[in-house]
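Understanding the architecture of this molecule
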Amino acid sequence: MSRNTTLSRLLGSGAHLTLDGGLATELEAHGCDLGDPLWSAKILLEQPQLIKQVHRDYFDAGAAIANTASYQATPQGFARRGIGAAEALELVALSVRLADEARREYLAHNPGAGPLLIAGSVGPYGAYLADGSEYRGDYILSREEFVEFHRPRIAALVEAGADLLACETLPSFAEAEALLALVEEFDVESWFSFTLRDGGHISDGTPLAKVAALFGAQQHVAAIGVNCVPLELVSPSLGALGEATDKPLLAYPNSGESYDAAAKTWKPGSGTPGSWRPSSLAEGAGAWRDLGALLIGGCCRTTPRDIAAVARLSTKG
């Protein structure tokens, strides 16, 4: 795989790129039971070709970037299943190969398609805990502990040929700082996206202006933004980020439902009183682009149909 076409170069040319949507959502639609601490990473063990099929479905829908199935894939998580570190890191590498195979298949049938990139998903420590803390950021580790946790997976993703890293669903500023050090250490392009307490703060309470001030100045960070957040928080959070940086922004929120972390179930979202709440990704995409989002996609409970609707808007724009 090649990194000749970097994300920064594409964004610098003014490109509007469509991200993929919910991987776990589609795996569940295909009958997978993800009620497991490994979540979608469990399918790397059980049905890896199904992961490739979901990536291909998103490319078919118009996604320009595939996010690998490594969000919850860590040596520590696999160790709970009796899987050694070497095999665990091979599974992380497999997540990149599956996305690349889907990309190659798509390009074989669509040779005129624009550049397609593979983003190696790097989920937060809270995802490993599997207790919903990626929406709270209330865990406390030292910088060295965060680095020790994340380094092996990042090394495996980079060695496997991921075009960039998606440091995503981050609730903790301290953890994001540690990840930034690793991105610089491995000299790899990245984006950083955060979960939110409200429209002006990430989940641990850090102001988005502080986030933008740090990450907006980093050359290894191609874009910053939010993901796995309610639809109504996207515009205010992008506004807060955009006031503090000229860095390209990204947004890939959830479908509009709300997640009960304790019950591990989804229920209809009610929105925040007094805030604009688009009914879908496609309805919100225009406003988000006006706020500086050059990368738009979906997270939990979004589907290829949602991504196809966003991709059509990007084509028109």
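Being a predicted model, the structure only gives us computed values, none of them experimental.

What follows concerns the overall build of the chain. Helices and strands together make up the secondary structure of the chain, namely 13 helices and twelve strands. A compact globule built from 317 residues should have a C-alpha radius of gyration of about 20 Å, and the chain, at 18 Å, falls within 12% of that. When the 317 residues of the chain are sorted by exposure, 56% land in the buried category. Here the analysis covers contacts within the chain between residues at least 6 apart in sequence; of these, 76% occur between residues at least 24 apart. Total accessible area on the chain is roughly 12400 Å²; 50% of this is exposed by carbon and sulfur atoms.

Let us now look at the environment of L107. Structurally, the position occupied by L107 is in helix α6 (residues 85–109). Among residues more than four places away in sequence, those in contact with L107 are A113, G114 and L116.

Bringing helix α10 (residues 208–215) into the picture now. When α10 is considered as a whole, its buried residues turn out to be L208, V211, A212 and F215. End-on, the buried residues of α10 take up no more than an arc of 95°, which puts them together on one face. Buried residues along α10 sit against α9 (173–185), β5 (190–194), β6 (196–198), β7 (201–202), β8 (221–227) and α11 (234–244).

Here we take up unusual backbone geometry. With a phi close to 55°, A130 is a non-glycine residue in the positive phi region. Assignment of secondary structure puts A130 in the loop between α7 (125–129) and α8 (143–160). On the basis of relative accessibility, which here comes to 23%, the residue A130 falls in the partly exposed class. The backbone of C228 sits at a positive phi, close to 55°, despite the residue not being glycine. On the basis of relative accessibility, which here comes to 6%, the residue C228 falls in the buried class.

Moving on, we come to the pairing of strand β12 (residues 293–296). Strand direction decides the pairing type here: strand β1 (residues 17–18) and β12, joined by two bridges, are parallel. Its bridge partner lying in β12, L17 is registered against L295. Direction of pairing for strand β9 (residues 249–252) relative to β12: parallel, over a ladder of three bridges. Bridge pairing in β12 links L250 to L295.

So, about the sheet that holds β1. Read from one edge of the open sheet, eight strands run β1-β12-β9-β8-β5-β4-β3-β2, paired in parallel fashion. The open sheet is flanked by β1 and β2 (65–67), the only strands paired with a single partner. Across the face of the sheet, α9 comes into contact with β3 (117–122), β4 (164–170), β5 and β8 while running at roughly 175° to β5. Packing against the sheet, α11 makes contact with β8, β9 and β12, and its axis sits at approximately 165° to β9.

Considering all chains together, one arrives at eleven aromatic pairs under this definition. For the pair Y125 and Y139, a centre-to-centre distance of 5.5 Å together with 55° between the ring planes defines the contact as tilted. Residue Y125 is found in helix α7, and its partner Y139 is found in the loop between α7 and α8; the two are separated by 14 residues along the sequence. Note on Y125: relative accessible area 16%, which makes it buried.

What counts, and where the lines are drawn
- Residues numbered from 1 in each chain as written.
- Predicted model: local features only at pLDDT ≥ 70, side-chain atom pairs only at ≥ 80, totals over all residues.
- Heavy atoms only, no water.
- Helix = DSSP H or I, 4+ residues; strand = E, 2+ residues; numbered from the N terminus.
- Rg over C-alpha atoms; globule rule 2.2 N^0.38 Å.
- Buried < 20%, exposed > 50% of the residue type's maximum accessible area, 1.4 Å probe, protein only.
- Contact = heavy atoms within 4.5 Å.
- Areas by Shrake-Rupley, 256 points an atom, 1.4 Å probe, with all protein chains shown as cover.
- Arc of directions from axis to C-beta.
- Pairing = 2+ DSSP bridges.
- Axes fitted to C-alpha atoms, helices over the stretch in contact; angles between N-to-C directions.
- Phe/Tyr/Trp six-rings, centres within 6.5 Å; stacked < 30°, edge-to-face > 60°.

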